[in-house]
Amino acid sequence: MKISAEQKLGNGNRVILVKRATPNSDSEREEYLFQELRELAKAAGYLPVGELKQTRYPDSKYQLGKGKIEELAELVRSIGADKVIFYNRLSTTQLFNISEICKCQVIDKFQLILEIFAKRATTHRSKLQVELARLRYEIPRARAVVSLAKKEERAGFMGLGDYEDSYEQDLKKRIARIESELESAEKDDESLRALRHKKGFSLISLAGYTNAGKSTLFNAIVSESVDVRNMLFTTLVPTTRALDLGGRKALLTDTVGFIEDLPHWLVDAFKSTLNEIFLSDLILLVVDANEKPEMILLKLATSHDTLWDRIQGVPIITVLNKVDLVDESRLDSIMEQIGYMAPNPVFVSAKKGIGMDVLKAEIVKHLPPWCFCSLSLPNSEEGMSILSWLYDEGIVHRVEFGEQIHVDYEARTEIVNKAHALLGPKEV
Ligand SMILES: Nc1nc2c(ncn2[C@@H]2O[C@H](COP(=O)(O)OP(=O)(O)O)[C@@H](O)[C@H]2O)c(=O)[nH]1
Ligand SMILES: [Mg+2]
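Residues numbered from 1 in each chain as written. Chains lettered and ligands numbered in written order. Predicted model: local features only at pLDDT ≥ 70, side-chain atom pairs only at ≥ 80, totals over all residues. Heavy atoms only, no water.

> Would you mind showing me how to read the overall build of the protein here?
Looking only at helices and strands, the protein has 16 helices and 14 strands in total. Burial analysis of the protein (428 residues in total) assigns 49% to the buried set. A separation of at least 24 residues holds for 72% of the contacts in the protein among residues at least 6 apart in sequence. Here the protein has roughly 21,300 Å² of accessible surface; of this, 51% comes from carbon and sulfur atoms. (Helix = DSSP H or I, 4+ residues; strand = E, 2+ residues; numbered from the N terminus. Buried < 20%, exposed > 50% of the residue type's maximum accessible area, 1.4 Å probe, protein only. Contact = heavy atoms within 4.5 Å. Areas by Shrake-Rupley, 256 points an atom, 1.4 Å probe, with all protein chains shown as cover.)

> In this structure, what is going on with the site of ligand 1? I would like to understand it.
By nearness alone, 17 residues border ligand 1, and E39, N211, K214, T216 and D324 come closest of all. In this structure, an oxygen atom belonging to ligand 1 sits 2.8 Å away from a side-chain N or O atom of E39. Taking N211, its main chain carries an N or O atom lying 2.6 Å from an oxygen atom of ligand 1. When ligand 1 sits alone it has 570 Å² of accessible area, and the protein chains cover 83% of it. With three residues, helix α9 (residues 214-224) is the single largest residue contributor to the shell around ligand 1. Considered class by class, the residues forming the shell around ligand 1 number four nonpolar, eight polar and five charged. (Near = heavy atom within 4 Å. Polar contact = N/O pair within 3.5 Å; in protein donor to acceptor, adjacent residues only side chain to side chain. Nonpolar A, V, L, I, M, F, W, Y, C, P; charged D, E, K, R; others polar.)

> For this particular structure, what's the right way to read the layout of surface pockets?
Space left empty within the atom packing is revealed by a probe, the size of a water molecule, rolled over the atoms. Put simply, the second largest pocket is a space of about 400 Å³. Lining the second largest pocket are 15 residues, and of these E28, Y32, N290, E291 and K292 lie nearest its centre. If you list the elements that add at least two residues to the lining of the second largest pocket, you get α2 (27-43) and α12 (293-308). Top element by residues in the lining of the second largest pocket is α2. It accounts for five residues. (1 Å grid on protein atoms, 1.4 Å probe; cavity = no way out; pocket = protein on both sides within 12 Å on 5 of 7 lines; lining within 4 Å. Points joined across faces, edges and corners; volume = space filled by probe spheres on them.)

> How should the pairing of strand β8 (residues 248-254) be read in this particular structure?
A large share of β8 lies buried, amounting to six of its seven residues. Across five bridges, strand β5 (residues 202-208) lies against β8 in parallel orientation. When the sheet's bridge partners are listed, S202 is paired in β8 with A250. Pairing geometry for strand β7 (residues 240-245) and β8, over six bridges, is antiparallel. (Pairing = 2+ DSSP bridges.)

> Looking at this structure, I do not really get the side chain of S349. What am I missing?
Within the secondary structure layout, S349 lies in the loop between β11 (345-347) and α14 (356-366). A distance of 3.0 Å separates the side chain of S349 from the backbone nitrogen of K352, its partner in a polar contact. Apart from the residues within four sequence positions on either side, S349 is in contact with N321, K322, V323, D324 and I354.

> Just to check I follow, could you spell out the sheet that holds strand β13 (residues 395-401) for this structure?
Strand pairing in a sheet is mediated by backbone hydrogen bonds. Such pairs are either parallel or antiparallel. The sheet built from three strands is open, its strands ordered β12-β14-β13 with antiparallel pairing. Lying at the two open borders of the sheet, with one neighbouring strand each, are β12 (370-378) and β13. Direction aside, the axes of adjacent strands within the sheet are offset by 15° on average. Direction of pairing for β13 relative to strand β14 (residues 404-412): antiparallel, over a ladder of six bridges. When the sheet's bridge partners are listed, R398 is paired in β14 with D408. Of the strands in this sheet, β12 and β14 touch helix α16 (residues 413-423), which is tilted by about 25° from β12. (Axes fitted to C-alpha atoms, helices over the stretch in contact; angles between N-to-C directions.)

> What is the right way to look at the packing of α9 against α14 in this model?
A packed helix pair is summarised by two numbers, namely the angle formed by the two axes and the spacing between the axes. It is at 11 Å that the axes of α9 and α14 come closest, and there the two elements cross at 85°. Classed by the angle they form, the pair α9 and α14 counts as roughly perpendicular. On α14, the residues that touch L217, A220, I221 and E224 of α9 are M356, D357, L359, K360 and I363. (Parallel < 35°, antiparallel > 145°, perpendicular 65-115°, else oblique.)

> Would you explain the state of the cysteines in this entry?
Here a disulfide denotes one covalent bond, and it connects the sulfur atoms of two cysteines. Applying the stated criterion across every chain, the model contains zero disulfides. The closest cysteine sulfur to the non-disulfide-bonded C104 is located on C102, 5.3 Å from its own sulfur. Among the residues examined, C104 registers a relative accessible area of 12% and is labelled buried. The thiol of C373 is unpaired, and the distance to the nearest cysteine sulfur, on C371, comes to 6.5 Å. On the accessibility criterion, C373 (7% relative accessible area) is buried. (Disulfide = S-S within 2.5 Å.)

> It is not clear to me how the packing of helix α3 (residues 66-79) against helix α4 (residues 92-102) should be interpreted in this structure. Could you clarify?
The N-to-C vectors of α3 and α4 enclose an angle of 50°; their axes lie 8 Å apart at closest approach. Between α3 and α4, the interaxial angle falls into the category oblique. The handedness of the crossing between α3 and α4 comes out as right-handed. Facing K66, I69, E70, L72, A73 and V76 of α3, the residues of α4 in contact are I98, I101 and C102. (Left-handed = near helix turned anticlockwise from the far one by under 90°.)

Pasting the structure below:
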């Protein structure tokens, strides 16, 4: 079910975005990072309703200057915002002080990222990994909260020492439990892939940095394609759609993608949310063609590095997006510089709908090849098990049981070859 902007309004989702910039920082870069924050907030389901920026060195009590925080509080009140999201990492003291003045919840970019990861974690493993990152993030905060409480003598009925021990001990116990659970957690990746292949769907995912235009491209492809209704996928998350692309069924998934300057403690959780990408048959790596070539190159290199170990052999289409903002001669010079890092390049504007046909043709061209085939299986337990395997791996169009079992089916070439190797082919 889609949630409209209006419904969101009453739902505690209205946020004000805040960033402190260090004096002399590059203004273009600053705007880029702020745009990233907007995209992250939207990805987490928030509705940004206000923005506030300040250039100064950090204030230990409030991150921004006291006067600016009062301005923020006024903004919260006048707009009726539910939450404030800081780009800058906030200490527990700062979180506490700012929320006291603004009288609303305050989070920082890292908590925002954790919220996104938690929303997008689809497998047991990735849920555990996100929870682990969250708990690790909590520990130093738990200590700080206690020392804050000590300072303000807000101990409850428990002796403070006991509280300190029990809370931190509790966090540590939960961390240990999750770590051991992670070790034994079965690798559910393969079963997820099998489930989706079951009904003949290829998996395509959108990768790339925040703000490259993945979600815009996702919507553009979806709006131009035929929706495939399938009971198996009625529970699909809103970021995945079942589509018909040139006669082939595909599940297209929009991902959170890569995030700049991710701290090391978030990397495992981050990688676990890339599951969809790792399980893909085809990856659309989206880049913003309107960025500086050095930046595009850097992002492509980092993306390939992140993906490389896990996706060997999976084709990548490099989608250079936002060509509406770039003139042709500049595109040529960009390609000269980044071409060697950009397999199967396609130029599009997701926003203006430019280049969509070429992109779709390229997608169909790179989907794993399937073919139609017929087989005669022995009518035996072995034959039945091969038949059930064909149901799992391909699309069975017709089955006839007699002395032998005749099957017309469609599947990936590896499957067809394997079946042939087992039994020998028959005319189609
Ligand atoms: N000019 C232009 N802007 C685009 C295009 N595609 C996306 N955008 C804008 O780029 C920003 C980020 O897009 P989004 O799809 O949210 O990026 P994501 O973070 O990769 O999902 C949004 O403001 C889009 O409107 C495009 O083809 N041309
Ligand atoms: Mg997006």
